[in-house]
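Topology and contacts: notes
Each chain, letter by letter, is given below.
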Amino acid sequence: MDKYIFDESNGLWYELQGDYYIPCLILSEDETQPIGLWGQLHRAYLMEHKHLIYTTMLLEGTLNRYLADINQQAEQMFHRLIKEMAAKQGVTETLKAERPWEWIGLMNNIQACAREVVNNELIYA
């Protein structure tokens, strides 16, 4: 049996490992970028609940680029939501200087709400 074979139907090379041929998959330079926390959460969701999509994207080599994009979108949405919620609730730098403990409590609540929105809209959707 040959050590390497090429499958013309899908364009992949396979390497003999024991009795099985395993696809030779190599990440391109685009695929080695870090995916961040939001991307990792979405990857775990895809692996558990959308396994076919996860596997297809992994084999096509588009998974990491997609996860990095989701991570970037989630980061932008998270920071935008925090700014909007803080402005709407009157959480200002003046409050931070005058009553820091109250400011911390309000900001923690705002961050938790923003995290929930990002998770529902992007990560687990």
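Structural notes, computed from the coordinates. Please read these numbers as outputs of a predicted model, since none were measured by experiment.

Here is what the cut-offs are and how they apply
- Residues numbered from 1 in each chain as written.
- Predicted model: local features only at pLDDT ≥ 70, side-chain atom pairs only at ≥ 80, totals over all residues.
- Heavy atoms only, no water.
- Phe/Tyr/Trp six-rings, centres within 6.5 Å; stacked < 30°, edge-to-face > 60°.
- Buried < 20%, exposed > 50% of the residue type's maximum accessible area, 1.4 Å probe, protein only.
- Helix = DSSP H or I, 4+ residues; strand = E, 2+ residues; numbered from the N terminus.
- Lys NZ or Arg CZ within 6 Å of the ring centre and 35° of its normal.
- Core = buried A, V, L, I, M, F, W, Y, C linked by side-chain atoms within 4.5 Å.
- Contact = heavy atoms within 4.5 Å.

Section: the packing of aromatic side chains
- The tally for this structure, following the rule as stated, stands at three aromatic pairs.
- Measuring from ring centre to ring centre gives 5.1 Å for Phe6 and Trp13, while their planes differ by 50 degrees; the resulting arrangement is tilted.
- The class for Phe6 is partly exposed, based on a relative accessible area of 39%.
- Here the aromatic rings of Trp38 and Phe78 are separated by 5.7 Å at their centres, their planes lie at 50 degrees, and the arrangement is tilted. You can see Trp38 sitting in helix α1 (residues 36–49) and its partner Phe78 sitting in helix α3 (residues 63–89), a full 40 residues away along the chain.
- Accessibility expressed as a relative area gives 5% for Trp38, which makes it buried.
- A relative accessible area of 10% means that Phe78 is categorised as buried.
- Against the face of Trp103 rests Lys96, its NZ or CZ located 4.7 Å from the ring centre.

A word on the nonpolar core
- By size, the foremost hydrophobic cluster in this structure holds 18 residues, and its most contacted members are Val91, Met107, Ile110, Val118 and Ile123.
- Where this core is concerned, the elements lending two or more residues are α3 and α5 (100–123).
- Among the elements that make up this core, the one with the highest residue count is α3 (eight residues).
- In contact with Ile110, other than residues within four places in its own chain, are Ile82, Met85, Ala86, Gln89 and Val91.
- Judged by nonpolar contacts, the second largest core, of eight residues, contains Tyr45, Tyr54, Met57 and Leu67.

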